[in-house]
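# Structural overview for review
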Amino acid sequence: MLDESLAATYITFMTIRPILTVPNPVLKQCSKPVAEVTDETRRLMDDMLETMYLAPGIGLAAVQIGVPLNIIVMDLAKEGDDPKPQYFINPQILEVIEEKRPYEEGCLSVPDVFDEIDRSARVKIRYQDYNGIEVTEWAEGLYAVCIQHEMDHLKGVLFIDYLSRLKRNRAVKKVQKAEKLKEAG
Ligand code: ZN
């Protein structure tokens, strides 16, 4: 049985944070390593996950909510399946295979813009999980796409940076226009 008072307490712990959009200069910042995984780190990751779910999105880097730390959250569960949150602290890419695959990407910091990007089909990654435990594994498919996209955020790189200047400028203008309309509305 669900203890409603407990559930309510749990919910108040989490905060939906505003997601920064282009051309906010914070998004171009390089994120810093997390020295130690603490309750504060976990609280930040909880907030990130809730913010991502609400957006809704499948991946979010801490810098996207204005915290330039090497932290990523993801949930690649299919619609209708149980949530499957994943947490990545200080992720590193150890190995990539040469084979590249195109995938139509989008980004919560570049809302309503989608374009095809080529990325390595498989990458070997190392990171610390929610509890600070080190994990080394291969990512492939959507997992490989998403982790490479999110890890780019930690270097201040956005997926539109891979597009032509014309397409990139058009994307930024589209987001700025939508933001202005939102403010006005
Ligand atoms: Zn993104």
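Structural data are supplied above this passage.
Conventions and cut-offs
Residues numbered from 1 in each chain as written. Predicted model: local features only at pLDDT ≥ 70, side-chain atom pairs only at ≥ 80, totals over all residues. Heavy atoms only, no water. Helix = DSSP H or I, 4+ residues; strand = E, 2+ residues; numbered from the N terminus. Buried < 20%, exposed > 50% of the residue type's maximum accessible area, 1.4 Å probe, protein only. Contact = heavy atoms within 4.5 Å. Donors = N, O, S within 2.8 Å, 3.2 Å for Na, K, Ca; no water. Phe/Tyr/Trp six-rings, centres within 6.5 Å; stacked < 30°, edge-to-face > 60°. Lys NZ or Arg CZ within 6 Å of the ring centre and 35° of its normal. Core = buried A, V, L, I, M, F, W, Y, C linked by side-chain atoms within 4.5 Å.

For Leu60, the position within the fold is in strand β1 (residues 59–61). Residue classification places Leu60 among the buried positions, given a relative accessible area of 0%. On a C-alpha basis, the gap between Leu60 and Glu150 in space is 6.6 Å, while along the polypeptide they are 90 residues apart. Excluding residues within four positions of it along the chain, Leu60 makes contact with Ile19, Met48, Thr51, Met52, Ile65, Ile71, Ile72, Val73, Leu108 and Glu150.

This next bit is on the coordination of the zinc ion. The reference angle at a metal is 109.5 degrees if four donors form a tetrahedron and 90 or 180 degrees if six donors form an octahedron. Every protein donor of the zinc ion is accounted for by Cys107 (SG), His149 (NE2) and His153 (NE2), and the metal-donor separations fall at 2.1 to 2.2 Å. Taken in sequence order, the residues that donate to the zinc ion follow the motif C-x41-H-x3-H. On the criterion of sequence distance, the pair formed by Cys107 in strand β4 (residues 100–107) and His153 in helix α3 (residues 142–154) is long-range, its members being 46 residues apart. A single burial state applies to Cys107 and to His153, both of which are buried.

Glancing now at the packing of aromatic side chains. According to the stated counting rule, one finds 3 aromatic pairs in the structure shown. Taken together, a centroid distance of 6.1 Å and an interplanar angle of 45 degrees make the contact between Phe88 and Tyr143 tilted. Here Phe88, found in strand β3 (residues 85–96), pairs with Tyr143, found in helix α3; they are 55 residues apart in sequence, far enough to count as distant. For the pair Phe88 and Tyr143, one class covers both residues: buried. Members of the aromatic cluster, joined through ring pairs, are Phe88, Tyr127 and Tyr143. In this structure, Arg122 is placed above the aromatic ring of Trp138, and the distance from its NZ or CZ to the ring centre is 4.6 Å.

The nonpolar side chains of soluble globular proteins are, as a tendency, buried together. Core analysis: the largest hydrophobic core is formed by 16 residues, its most contacted members being Ile72, Met74, Phe88, Ile125, Tyr143 and Ile147. Elements that contribute at least two residues to this core include exactly β2 (71–75), β6 (122–128), β7 (134–140) and α3. Per-element tally for this core: the top contributor is α3, with 6 residues. Discounting chain neighbours no more than four positions away, the residues touching Ile72 are Met48, Leu60, Ala61, Gln86, Tyr87, Phe88, Pro91, Ile147, Glu150, Met151 and Leu154. Counting 15 residues, the second largest nonpolar core, distinct from the first, contains Met45, Val73, Tyr87 and Ile89.

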